[in-house]
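A closer look at the structure
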Amino acid sequence: MDPLRGLDESSTDDDAASQTTEDDPQVPERQEPAPPPPPAQPVPTPGSARERPHYELRHTMRGHTSSISAVKFSPDGTFLASCSNDKVVKIWSPFTGELIRNLNGHTKGLSDITWSSDSVYLASASDDQTIRIWDVDSGLTTRTLRGHSSFVFCVNYNTSSTLLVSGGCEGDVRIWNTSKGKCIKTIHAHLDYVTAVHFNRDASLIVSCALDGLIRIWNTSSGQCLKTLAEGHDAICQHVQFSPNSKYILSTAHDSRIRLWDYQTSRCLKTYEGHRNEKYCIAACFSVTGGKWIVSGSEDNKVYLWDLQSREIVQVLEGHTDVVVAVATHPEQNMIASASMESDLTIRIWADRRT
Amino acid sequence: MNGVLSDPFTISYPTAVQTSLNSGASFAKFDPSGNYVAGGRPDGSAVVWDLDTRAPIRWLEGHVKAVTSVECVAASSCFGFWSRNSRYVLTSSKDWNVIIWDLASDTDPVRRRATVRFDAPVVCASFHPRNSQIVLVLLSPGDAYLVDLRKQCRSRVELCEIQEESDDEGQGRARSAMTVVRFDPTGRYIFAGTSVGSVLVFNTRTKTMVARHKISGAGIIRGLDFAKGGRRLVTNSSDRTLRQFNLPVYTASTVEGEYIEQELEPTYRFNDPINKNAWHAMAYSPDGEWLAGGAADNASHKIYIWDLANEGQFATALDGGPEPLLHVHWHPKKPSIVSTTNVGNILVWHCPTPERWGAFAGGFEEVDENVEYEEREDEFDIEDESEIALRKQKAEDEEIDVECLIEDPSSKLAVHAQRIADDDEDIVWAAEEPDDDLPGWRMKVMIDDDLDAV
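Because the structure is predicted, anything quoted here is derived from the model rather than measured.

1. Focus: the UniProt feature "repeat: WD" (unreviewed entry) in chain A
Residues given the UniProt feature "repeat: WD" (unreviewed entry) here are residues 61-102, 103-144, 145-186, 187-228, 230-271 and 272-316 of chain A. The span residues 272-316 of chain A shows a helical share of 0% and a strand share of 47%, and its end C-alpha atoms are spaced 14 Å apart.

See the structure below:
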């Protein structure tokens, strides 16, 4: 991707964002003072060595009435979707913090969401044992995928958006044809809750992890298991994803460590620590729009950013008042969304103040 | 990407049918990315299949139903050809039309970018490898046309064979009809097979003939295919033999009407010594090391594979069941083949890998035989834990790149070839007024409405 393109857009969009921050109609009960206008600084070159991020709060969004389980930016960057135990998917504007739409239909709480790569469709995984594919523009369900015999815990689109992979609490991983809404393949993948599934770039591989403590890599077309990564000790892994180039796997585990694996050699290349993660399924993600960071929530109510290479904590975002379980990074701009649980129930948008 | 994990041994041709797509198609071709298959049907329509989901995703219905008999199907119903980034599909039919479809359109039915009408049935048509606005068409009596749809050089030029002028009785001799025309993979040259057993080479830009190769004993040329670089050519002819040739280098002729007259000697000949089968089609593997030939047998579906790296040795014959074969095409990247049967099934061949149960247990490796275990020198040494931790810390300091894609060696070669090509005036000519077939476009996923939605 052209690095200058993202830079250009981020600076223009930021103008719009700071204008609307002052009087945000959607969040009347916000306690935080509006952030001071960003100081005029020269825009740093993205990716320059050992930069530190300077994220600060832009918006606080309220609306969910029960624990939020996932937040995801749309691939074109215009929307933020969040899902929650309150059965509703909410679509927000990350630039203004406004609520755009509610997607109602599930009969039980939601655990995960994923966007199709054209940002038209959204799939949501629910405890009602179904996955719904939503047309985000109209807010209608276009497909309901039935087949899991227990709660659906995680879901992911492939790059061409022809397939969905989902993981359920019965231990199965299912692959779905999105246009027909039919299950193509069921893999009896794990013996416990499947907590994360993710396609690699060309959708030839699926990585899954479960509360049985194993990370497994699967061949999408044959459904064969290609590899199992065991953590080597009693760390139960609860979130995995491929790196943007699909060469590595990022996993979070209940020993409060995030690991980056070379899955071909089964070697752990990097370990990130300093946050707390012992109880909840907390996601981590890559931030590659500016400096290269690893972003994750924590059970001490903060969001941590590590330098991808040096593994140092480079920034800690404070503000949430409960466990931060979900984080997401914007596809083009230096922007992070984080969401918190029961007693907080806010989604917060953080942006790098220099951009 | 998958190959690194899943390929325990390096066999590089497919061995078994993975799936059968019931599509009614008599021709099937992979797109250049290998994610889709386009099938041309005898009723004049074409269908695009997605191989991820193994489901039809687009129907291209524009040709009048015209084809009646099975022989016609084999000869020419509807060739599906892809532009280089798979955005455009070209279909041609006996209804005298060539239609170019734009798969990037999000409408159903798919929008046409162009319909080109001729005054005779179209035998085959194909895109220029570098610009989908240049189309090569062969009409039924045996005339080839190069159609340029670009605004600045819109033209329709017939490719004419230059006849020997010296002998007088040549005047009365009928012009040999072309039976097959193809661009070479670079797009610089057009190769045409004729009914008198010769291969003509035309320069694409100047549209003049640069060479004529007589192939002795070939009879009618039925088909042509190129290895990826375009240096090797295989011909299929009416004498039931496939011949592989190493092509000479063609220089741009300076004098009008000058051309190379050369008889080519095949490096290998492939035929079926037992049944003396003719061939319907042949295809090179992407690395050019294997050649697949589809046998024209009325009672079986046989694909012969020859090992070109090993002096053209016969490797295996794949048996696809009782439905006779019509066409074969090799996947652009993988050891996979699509072959079509005369009842309309597309067989997708793959190279199955056995399930490795050891993959289910982390850290275990399957061995075929007992291995005497030799312990490492330091394996049971007692070490200070802090030292181990320190070493681990050090190892983690290594820089890693999470963004850059794994370089595909073949794509590197392609970039290299592209760079060379940039200096070439033929290539520059073809790149003028580029089509909007850009890499990275994505086909929109259409949600079927006819099914019970919710």
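More follows now that the structure is in view.
2. Things to note about the pattern of salt bridges
All names here are of chain B. Taken as a whole and assessed by the stated rule, the structure comprises 16 salt bridges over all chains. Between Arg111 and Asp102 there is a salt bridge whose closest N-O contact spans 3.0 Å. Relative accessible area serves as the criterion here: at 46%, Arg111 is assigned to the partly exposed category. Since its relative accessible area comes to 3%, Asp102 is described here as buried.

3. Let's talk about unusual backbone geometry
Phi at Arg311 of chain A is positive, roughly 70 degrees, even though this residue is not glycine. Among the residues examined, Arg311 of chain A registers a relative accessible area of 12% and is labelled buried. The backbone of Ser86 of chain B shows a phi angle near 70 degrees, a positive value even though the residue is not glycine. When you line up the elements, Ser86 of chain B lands in the loop between strand 6 (81-82) and strand 7 (88-92). Using a relative accessible area of 4% as the deciding quantity, one classes Ser86 of chain B as buried.

4. Side note on the packing of aromatic side chains
Residues and elements named next belong to chain B. According to the stated counting rule, one finds 17 aromatic pairs over all chains in the structure shown. Aromatic pair Tyr36 and Trp82: ring centres 6.3 Å apart, planes at 20 degrees, arrangement stacked. Of this pair, Tyr36 sits in strand 3 (residues 36-40) while Trp82 sits in strand 6, and the two are 46 residues apart along the sequence. Like Tyr36, the residue Trp82 is buried in the burial classification.

5. Digging into the environment of Val116 of chain B
Residues and elements named next belong to chain B. Positionally, Val116 belongs in strand 9 (residues 112-117). Classification of Val116 as buried rests on a relative accessible area of 8%. In this structure, the C-alpha to C-alpha distance between Val116 and Gly197, residues 81 residues apart in sequence, is 30 Å. When sequence neighbours within four positions are dropped, the list of residues in contact with Val116 reads Trp96, Asn97, Val98, Val147, Leu149 and Arg156.

6. Let's talk about the pairing of strand 26 (residues 313-319) of chain B
Regular strands place side chains that alternate from one sheet face to the opposite one. The pairing of strand 25 (residues 302-307) of chain B with strand 26 of chain B spans six bridges and is antiparallel. Within strand 26 of chain B, the position partnered with Tyr304 of chain B by the bridge is Ala317 of chain B.

7. So, the interface of chain A and chain B
Across the boundary between the two partners, chain A contributes 57 residues, which contact 44 residues of chain B. Roughly 4400 Å² of surface becomes buried between chain A and chain B when both sides are summed, with 51% attributable to carbon and sulfur atoms. At the boundary of chain A with chain B, the tally comes to two salt bridges. Of the charged contacts, one joins Arg267 of chain A and Glu398 of chain B as a salt bridge, the two residues approaching to 3.9 Å between their closest N and O atoms. At the boundary of chain A and chain B, one finds eight residue pairs in polar contact (both at pLDDT 80 or more). The element best represented in the side of chain A that touches chain B is strand 17 (residues 225-230) of chain A, accounting for five residues. Tallied by class, residues from the side of chain A that touches chain B come to 18 nonpolar, 24 polar and 15 charged.

Definitions and cut-offs
- Residues numbered from 1 in each chain as written.
- Chains lettered and ligands numbered in written order.
- Predicted model: local features only at pLDDT ≥ 70, side-chain atom pairs only at ≥ 80, totals over all residues.
- Heavy atoms only, no water.
- UniProt positions renumbered as here; feature names shortened; annotations may be inferred.
- Helix = DSSP H or I, 4+ residues; strand = E, 2+ residues; numbered from the N terminus.
- Salt bridge = Lys/Arg side-chain N within 4 Å of Asp/Glu carboxyl O.
- Buried < 20%, exposed > 50% of the residue type's maximum accessible area, 1.4 Å probe, protein only.
- Phe/Tyr/Trp six-rings, centres within 6.5 Å; stacked < 30°, edge-to-face > 60°.
- Contact = heavy atoms within 4.5 Å.
- Pairing = 2+ DSSP bridges.
- Buried area = accessible area lost by both parts, 1.4 Å probe.
- Polar contact = N/O pair within 3.5 Å; in protein donor to acceptor, adjacent residues only side chain to side chain.
- Nonpolar A, V, L, I, M, F, W, Y, C, P; charged D, E, K, R; others polar.

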